[in-house]
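What the coordinates show
In case you want the letters, here they are:
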Amino acid sequence: MEKSVLHYLLNGIVKGHGKMSLKSKQAQPLEPVEVDFLSEPTAEKFTIGFHKEIMLPDDIEKKKYYIAGYGENNPAKGVIDPQYAHAVWIDDNTQRGGVLLISLDVVGLLNKDVNKIRELLKEFSAKTCCRYIGVMSTHNHAGIDTMGIWGRLPFSGKDEKFMDILFKAVEKCAYEAFNSRKSGDLYLGEIEVPDMQEDIRTPIVYSKTLTRFRFVPEDNSNEIWMLNFASHSESLQGCNHLVSADFPCYLREKIRNTTGAETFYGVGAIGGMISMDIPDEKQLRNEHRLIESTRNIGYKLADYAIAIDNDKRLEPLVNLARKEFYADVENPVLTIACDIGILTADKFTRADAPNYWCLKSEITYFEIGGKRILFLPGEVFPELVFGGALSAEESATGKGPEFNPKLLCDIVEDEKILVFGLANDELGYILPPNDFILNKKSPYIDNARDKHDRKHYEETNSMGPKTAQIIADTVEEIYKSIKR
């Protein structure tokens, strides 16, 4: 995604304001880590259910709905394929209740909307003994704006009618996933995908692993797959004016047509910026064939998923630990976007935070059959998870990897930790501090150029340089609570 026009629009406002005087709440002490762990399973089988719902307005051809990708003010001119909400109900039958995971074909949801979903499902949770609801986005840049920053600025692009459609789709998915639950076995497998991704920011670091959870019902009905892969869903690119779920649509289609399985999809550590490689990209764009190439990308990734042959049966045990945290906001553009209603987020004040304000977010550590998973808000750079950060000679700041927080894989003692990004919030890019620089004349507005003449775009769409450390500290607090 290139720089949003929002940055240019607000340039003068930012320079004229300094510290903002915004309506806010005083940051209060947060609850300790919520730990829900058992050491051993108590049943032989999982109970799992699935449902999906289309999220598409009936007046898409008449009313302006803005595409959430690249530049602002890009109204949808039609539909290639619909956006979906997908839900999976998972119960390990330990008598603690099930968990509900939701995946949305959208660019992202802020934590305030995630909590609105949880409030909407309060009765559902009581009736079903649901002990956790997690909401993640596929980071789809061809979907309708769910955050607000891709409208006709300075107005929000977030449409109330579409958000109502989204909320209703999620609610129906929750009930139908629960009602369709079946007993069976869950298997974990993975495969390396060597030829589909690209990283457009140095260093070239990303996970090539496609991870598959495969549920096999006892009654021999259709399987349910849960996939995780690290890539932006943006293969249709900025020249697109049509609503789509991008390549995940065709990934799921190929799997369903080939195996009969329904697929729940989530993205991994995609910051920095990890996308699908498009051979002959310029030619395809000029020939208006990006829809064709996007379809082929989805089909090819599906072929990898289908080829996984190292499945291992998981014991029926779902454990989790969740912690809310305050994320300091140094980016004044985000401040103003919240102030004028483009972004809908609750602002909290804290004396030790830059510009005195912060946002509340959350992280969940999740285990299913012993597989360790992190549900992280935003687009985390993979070098913060797995390592590979720039050396002092290579970095923009002249500082080495030791300047960055402890690796997340080291904190949770698992070099193969699975990350689901854009989970329960969209905090923007989460960058390594040792390669974080800002434009000196217009920080957070214009891209900086470092001493190696590399463009630093991602900083302009971040909360600030401290986010990575806050994330790492929260994960460490969670993991220490689990071990205690």
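A short note on the packing of helix α3 (residues 111-120) against helix α5 (residues 160-179)
Where α3 meets α5, the axes come as close as 10 Å, and the angle between the chain directions of the two elements is 45°. Taken together, α3 and α5 sit at an angle that is classed as oblique. Viewed along their axes, α3 and α5 form a crossing whose handedness is right-handed. Of α5, the residues touching α3 (which contributes Asp-113, Lys-116, Ile-117 and Leu-120) are Met-163, Leu-166, Phe-167, Val-170 and Glu-171. Broken down by class, the residue content of the contact of α3 with α5 amounts to six nonpolar, no polar and three charged.

A word on the side chain of Thr-294
Checked against the element boundaries, Thr-294 lands in helix α8 (residues 290-307). Residues in contact with Thr-294, not counting those within four places in the same chain, are Ser-235, Leu-236, Asp-246, Phe-247 and Tyr-250.

A word on the nonpolar core
Across soluble globular proteins, you tend to see nonpolar side chains buried next to one another. Counting 52 residues, the largest nonpolar core has Leu-376, Val-380, Leu-408, Ile-471 and Val-475 as its most contacted members. Counting only elements with at least two residues in this core, the list comes to β14 (318-328), α9 (332-339), β16 (357-368), α10 (382-385), α11 (408-411), β20 (429-430) and α12 (467-483). For this core, the element with the highest residue contribution is α12, accounting for eight residues. Val-380 has contacts with Ala-269, Ile-270, Gly-271, Val-385, Val-419 and Ile-430, leaving out every residue within four places of it along the chain. Ala-76, Ala-87, Leu-166 and Val-170 belong to the second largest nonpolar core, which has 33 residues in total.

Let's talk about the packing of helix α6 (residues 247-259) against α8
Following both chains from N to C, one finds α6 and α8 inclined at 50°, their axes separated by 7 Å at the closest point. As judged from the angle between their axes, α6 and α8 are oblique. The handedness of the crossing between α6 and α8 comes out as right-handed. Along its contact with α6, which presents Phe-247, Tyr-250, Leu-251, Glu-253, Lys-254, Ile-255, Thr-258 and Thr-259, the element α8 presents Thr-294, Arg-295, Ile-297, Gly-298, Tyr-299, Leu-301, Ala-302, Asp-303, Ala-305 and Ile-306. Class assignment of the residues belonging to the contact of α6 with α8 gives a composition of 10 nonpolar, four polar and four charged.

Here's the deal with the environment of Ala-174
Of note, Ala-174 is situated in helix α5. Judged by relative accessible area, which is 0%, Ala-174 ranks as buried. Through-space distance from the C-alpha of Ala-174 to that of Lys-52 is 9.2 Å; in sequence the pair is 122 residues apart. Among all residues touching Ala-174, those that are not within four sequence positions of it are Ala-87, Leu-100, Leu-121 and Phe-124.

Some details on unusual backbone geometry
Between Thr-202 and the following residue, Pro-203, the backbone shows a cis peptide bond with an omega angle of 0°. Within the fold, Pro-203 resides in the loop between β8 (197-199) and β9 (209-217). Residue Met-273 follows Gly-272 across a cis peptide bond; omega there is 20°. Backbone geometry at His-139 places phi at a positive 55°, although glycine is not the residue there.

Examining the confidence of the model for the protein chain
Within the protein chain, residue pLDDT values average 94, and 95% of them lie at 70 or more. For the stretch residues 16-22, pLDDT sits under 50, and the model shows eight contacts to residues farther than four places along the chain or on other chains.

Side note on the pattern of salt bridges
Applying the stated criterion to the full structure yields 40 salt bridges. Ionic pairing is found between Glu-223 and Arg-214, a salt bridge with its closest N-O pair at 2.9 Å. One salt bridge in this structure joins Arg-350 and Asp-328, with 2.4 Å as the shortest N-O distance. Remark: Asp-328 occurs in strand β14 and Arg-350 occurs in the loop between β15 (348-349) and β16; sequence separation between them is 22 residues.

With respect to the packing of aromatic side chains
Overall, the coordinates contain 15 aromatic pairs when judged by the stated rule. Between the aromatic rings of Phe-375 and Phe-420, the centroid separation amounts to 5.7 Å while the plane-to-plane angle is 85°, which identifies the pairing as edge-to-face. On the criterion of sequence distance, the pair formed by Phe-375 in strand β17 (residues 371-375) and Phe-420 in strand β19 (residues 418-420) is long-range, its members being 45 residues apart. For Phe-420, a relative accessible area of 6% corresponds to the buried category. Ring pairs connect the aromatic residues Trp-89, Phe-124, Tyr-175 and Phe-178, which therefore count as one cluster.

So, the pairing of strand β11 (residues 262-267)
Counting buried positions along β11 gives five out of six residues, so the element sits mostly inside the fold. Judged from the six bridges that link them, strand β10 (residues 224-229) and β11 form a sheet pairing that is parallel. The residue bridging Asn-228 from the neighbouring strand is Gly-266, located in β11. Handedness of the crossover is the feature at issue here: the chain leaves β10, passes through α6, returns alongside β11, and the resulting connection is right-handed.

Focus on the pairing of β16
Most of β16 sits out of view: 11 of its 12 residues are buried. Here 11 bridges tie β14 to β16, and the two strands are oriented antiparallel to one another. Looking at the pairing, Ala-327 lines up with Leu-359 of β16. Sheet topology places β16 next to β17; five bridges connect them, and they run antiparallel. Residue pairing in the sheet places Glu-367 in a bridge with Arg-372 of β17. Hairpin connection of β16 to β17: two residues between the antiparallel strands, including Gly-369 at a positive phi of 60°.

A few points about the state of the cysteines
Within this structure, the stated rule accounts for zero disulfides. A disulfide-free cysteine, Cys-338 has its sulfur positioned 12 Å from the sulfur of Cys-358, the nearest such atom. Its relative accessible area of 0% is what places Cys-358 among the buried residues.

Overview of the environment of Gln-83
Following the sequence through the fold, Gln-83 ends up in strand β4 (residues 83-91). Not counting chain neighbours up to four residues away, the residues in contact with Gln-83 comprise Glu-53, Ile-54, Met-55, Asp-105, Val-106, Asn-140, Gly-143, Ile-144, Phe-162, Val-243 and Ser-244. Separated by 2.7 Å, the side chain of Gln-83 and the backbone oxygen of Asp-105 make a polar contact. A polar side-chain atom of Gln-83 sits 3.1 Å from the main-chain amide nitrogen of Ile-144.

Conventions and cut-offs
- Residues numbered from 1 in each chain as written.
- Predicted model: local features only at pLDDT ≥ 70, side-chain atom pairs only at ≥ 80, totals over all residues.
- Heavy atoms only, no water.
- Axes fitted to C-alpha atoms, helices over the stretch in contact; angles between N-to-C directions.
- Helix = DSSP H or I, 4+ residues; strand = E, 2+ residues; numbered from the N terminus.
- Parallel < 35°, antiparallel > 145°, perpendicular 65-115°, else oblique.
- Left-handed = near helix turned anticlockwise from the far one by under 90°.
- Contact = heavy atoms within 4.5 Å.
- Nonpolar A, V, L, I, M, F, W, Y, C, P; charged D, E, K, R; others polar.
- Core = buried A, V, L, I, M, F, W, Y, C linked by side-chain atoms within 4.5 Å.
- Buried < 20%, exposed > 50% of the residue type's maximum accessible area, 1.4 Å probe, protein only.
- pLDDT = per-residue confidence, 0-100.
- Salt bridge = Lys/Arg side-chain N within 4 Å of Asp/Glu carboxyl O.
- Phe/Tyr/Trp six-rings, centres within 6.5 Å; stacked < 30°, edge-to-face > 60°.
- Pairing = 2+ DSSP bridges.
- Right-handed = clockwise from strand over helix to strand, strands pointing away.
- Disulfide = S-S within 2.5 Å.
- Polar contact = N/O pair within 3.5 Å; in protein donor to acceptor, adjacent residues only side chain to side chain.

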